[in-house]
Amino acid sequence: SSLALLLYGLNVAGHENGAWLRAGLALAAGFALAWAGIRHAIRAEHPLINLAARKIHTFAISVLLGGSLSRMNVGATPFLLPLLFQIGFGMTPTASGSLVLAYAAGNLGMKLITTPTLRRYGFRKILTVSGAITGLAVVGCAFLQADTSLAITLPLLFIAGCARSMQFTGLNTLALADVPPDQRAGATTLMSMTIQISLSAGVAVAAMFTNLSMLVRGEDMLTGFDLRVALFLIGVIGAGSTLWFMTLSHDAAREVSGHSGSKKAIK
């Protein structure tokens, strides 16, 4: 019920004719139910969802805090880019999909070097740098125009896909690295639920940003400008996740990454 109310509130936010009031009430009720549910899960002896893993720093950062912001960015980008190419640039769905393939290609290509990169630099550097690149690349997409050269558009999309892939893999690998065996079942459930919520929230927040942009402009028709505003703000949210990743230790979960944290060891 909490999740449904929160997503509903985000979805209707920015519309006229009393939608702000409706959205505010839905969000307030959603947060209240979420608080009550979390409070119960913490106090109950055998809760449906075990929240004990929230106290583990690496889990909290990669799943509940910076990880959630990063995944919102990841979830919103594939939703916004095709709309920008079709509505903002006037492309056909086929042409739009062809451009998005560059984003997917970067995602696939990075898989080949993810493991050695994590081993060399560790989770802290990888998540911080890839988070910043992912967010800034999405911000860069907000400045694309219909007449922007493919020599700029394709590399930007490819880089965004590469950073997104490294970020997603790093987050999912780090999440359970320090969770003790007796807490892994509950942590896995909490992680899966949070990932799905974050991805869905990313789309809902992106839609809210486009609605707010239209509301400020006083127009009812979605334009490329509204989509650029949403891309810019979503990119800023993604880049903001790096503030959390910077709190990780230099040798965080080194048993999993193989990173020693020593310059001598990686020569």
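The structure this text deals with has already been given above.
Remember, predicted model here, so these are calculated numbers, not experimental data. (Residues numbered from 1 in each chain as written. Predicted model: local features only at pLDDT ≥ 70, side-chain atom pairs only at ≥ 80, totals over all residues. Heavy atoms only, no water.)

1. Brief notes about the environment of A252
So, step 1. Residue placement: A252 occurs in the loop between α10 (242-245) and α11 (254-257).
So, step 2. With 78 residues separating them in the primary sequence, A252 and L174 have C-alpha atoms 8.4 Å apart.
So, step 3. Setting aside chain neighbours within four positions, we find A252 in contact with T58 and F123. (Helix = DSSP H or I, 4+ residues; strand = E, 2+ residues; numbered from the N terminus. Contact = heavy atoms within 4.5 Å.)

2. A few points about the packing of aromatic side chains
So, step 1. Going through the model one piece at a time under the given rule, you end up with two aromatic pairs.
So, step 2. Consider the rings of F85 and F89, whose centres lie 5.6 Å apart with planes at 40 degrees: the pair is tilted.
So, step 3. Judged by relative accessible area, which is 0%, F85 ranks as buried.
So, step 4. Ring geometry for F143 and F232: centres 6.3 Å apart, planes at 85 degrees, overall edge-to-face. Pair noted here: F143 is in the loop between α6 (114-141) and α7 (150-175) and F232 is in helix α9 (residues 224-240), with a separation of 89 residues, a long-range link.
So, step 5. Above the ring of F168, the side-chain terminus of R71 is found at 5.8 Å from the ring centroid. (Phe/Tyr/Trp six-rings, centres within 6.5 Å; stacked < 30°, edge-to-face > 60°. Buried < 20%, exposed > 50% of the residue type's maximum accessible area, 1.4 Å probe, protein only. Lys NZ or Arg CZ within 6 Å of the ring centre and 35° of its normal.)

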